[in-house]
Amino acid sequence: MRVLQFLAILLTLASIQCLSVDMLNKIKTWRGECIDETGNDRDFVVKALTEHKYPDEAKFKDFILCMTKKFGVVDDQGNLHPEVFKKVLLSEGQSDAAADDLVKKCAVVKGSAEDSAFSMFVCHQNSAPKELQI
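Predicted model only: the values in this text are computed from it and were never measured. For every chain, the first residue of its written sequence is number 1, and the numbers climb from 1 along that sequence. Local features in a predicted model are, by the rule used here, given only for residues with pLDDT of at least 70; side-chain atom pairs are given and counted only at 80 or more, and totals for whole chains, interfaces and linings are based on all residues. Hydrogens and waters are ignored; side-chain quantities use all the structure's heavy atoms.

Asker: Looking at this structure, how should I read the state of the cysteines?
Answerer: When the sulfur atoms of two cysteines share a covalent bond, that bond is a disulfide. What counts as a disulfide here is a pair of cysteine sulfur atoms lying within 2.5 Å. Tallying each qualifying case throughout the model produces 2 disulfides. Across a sulfur-sulfur distance of 2.1 Å, Cys34 and Cys66 are joined as a disulfide pair. Disulfide Cys34-Cys66: the torsion about the S-S bond is -80 degrees, which places it as left-handed. Separated by 32 residues along the polypeptide, Cys34 in helix 2 (residues 21-38) and Cys66 in helix 4 (residues 58-71) bring together distant segments of the chain. Runs of H or I in DSSP of at least four residues are treated as helices and runs of E of at least two as strands, each being numbered from the N terminus.

Right under this line is the structure:
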């Protein structure tokens, strides 16, 4: 049943976000890798993402940092790369102006790399149109 729900989510993302099948496959792979690398429970992460309730907990922040690194939005030193974040937003179908606004609003350095990545992710999810939320 969970596999069917996950596939439904992927298909919805593909149709709504205009993400390529290749990109969706990368995201799926990265998600699995980041869950494993950070020691998170798969069901916990999937539930947080599907319910849009992002726990302010170290392990979940580690997962988000891992994912932002996979996208290239954050580097191994924990530096944010707003220009890469903008490319990701444009690939989701955001307009140039909307992407610029989200970069200004969301790509803000907070204490640690984990906090910065988490804050950027939550800001993006809370600011993006509903159809572009993951």
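After that view of the structure, there is still more to cover.
Asker: Would you take a moment to explain the side chain of Lys61 for this structure?
Answerer: Examined against the element boundaries, Lys61 turns out to sit in helix 4. According to the relative accessible area criterion, Lys61 is buried, its value standing at 14%. In terms of polar contacts, Lys61 uses its side chain to reach the side chain of Asp56, at 2.7 Å. Discounting chain neighbours no more than four positions away, the residues touching Lys61 are Asp56, Glu114, Asp115 and Phe118. Each residue is assigned to one of three classes by its accessible area relative to the maximum for its type, calculated with a 1.4 Å probe on protein chains only: buried under 20%, partly exposed between the two thresholds, exposed over 50%. Definition of a polar contact: a pair of N or O atoms within 3.5 Å, with one able to donate and the other able to accept a hydrogen when the atoms are protein atoms, and with sequence-neighbouring residues admitted only if both atoms are side-chain atoms. In what follows, residue pairs with any heavy atoms lying within 4.5 Å of each other are defined as contacts.

Asker: Can you walk me through the confidence of the model for the protein in this structure?
Answerer: Detailed conclusions should not be drawn from predicted coordinates in areas where pLDDT is low. Of the residues in the protein, 80% reach a pLDDT of 70 or more, and the chain-wide mean stands at 83. Helix 1 (residues 2-17) is the least confidently modelled element of the protein, averaging 46 in pLDDT, while helix 4 averages 94, the highest of any element. Contacts from residues 1-8, a stretch scored under 50 in pLDDT, to residues over four places away or in other chains number 3 contacts. Per-residue confidence from the predictor is reported as pLDDT, which spans 0 to 100. Counted against residues more than four places away or in other chains, residues 10-17, with its pLDDT under 50, gives 18 contacts.

Asker: How should the pattern of salt bridges be read in this particular structure?
Answerer: For side chains bearing opposite charge, pairing can occur when the charged atoms are close. In the sections that follow, a salt bridge refers to a side-chain nitrogen of Lys or Arg positioned within 4 Å of a carboxyl oxygen of Asp or Glu. Enumeration according to the criterion identifies 7 salt bridges in this entry. Across the salt bridge formed by Lys70 and Glu33, the nearest N and O atoms sit 2.8 Å from each other. Here Glu33 lies in helix 2 and Lys70 lies in helix 4, a separation of 37 residues in the sequence. Notably, a salt bridge pairs Asp115 with Lys61, separated by 2.6 Å at the nearest N-O pair. Pair noted here: Asp115 is in helix 7 (residues 113-127) and Lys61 is in helix 4, with a separation of 54 residues, a long-range link. The structure contains a network of salt bridges with shared partners spanning Glu33, Glu37 and Lys70.

Asker: Whenever I open this one, the packing of aromatic side chains confuses me. Can you help?
Answerer: Any two aromatic rings considered together are summarised by their centre-to-centre distance and by the angle between their planes. Aromatic pairs are defined between Phe, Tyr and Trp rings, using the six-membered ring for Trp, whenever the two ring centres lie within 6.5 Å; interplanar angles under 30 degrees are classed as stacked, those over 60 as edge-to-face, and all others as tilted. Overall, the coordinates contain 6 aromatic pairs when judged by the stated rule. When the centroid spacing of 5.1 Å and the interplanar angle of 75 degrees are considered together, the rings of Trp30 and Phe71 count as edge-to-face. Taken together, the residues Trp30 in helix 2 and Phe71 in helix 4 connect sequence positions 41 residues apart. By relative accessible area, Trp30 is classed as buried at 17%. Ring centres 6.3 Å apart and planes at 85 degrees place the aromatic pair Phe60 and Phe118 in the edge-to-face group.

Asker: What should I look at first to understand helix 6 (residues 96-106) in this one?
Answerer: Turn by turn, an α-helix covers 3.6 residues, leaving residues three or four places apart pointing in a common direction. All buried positions along helix 6 are accounted for by Ala99, Leu102, Val103 and Cys106. Buried positions in helix 6, seen along its axis, are confined to an arc of 100 degrees and lie on one side of it. Away from its buried face, by an angle of more than 90 degrees, helix 6 presents the exposed residues Asp101, Lys104 and Lys105. On its buried face, helix 6 is in contact with helix 5 (82-91) and helix 7. Arc, as used here, means the arc of the directions from the helix axis to the C-beta atoms.

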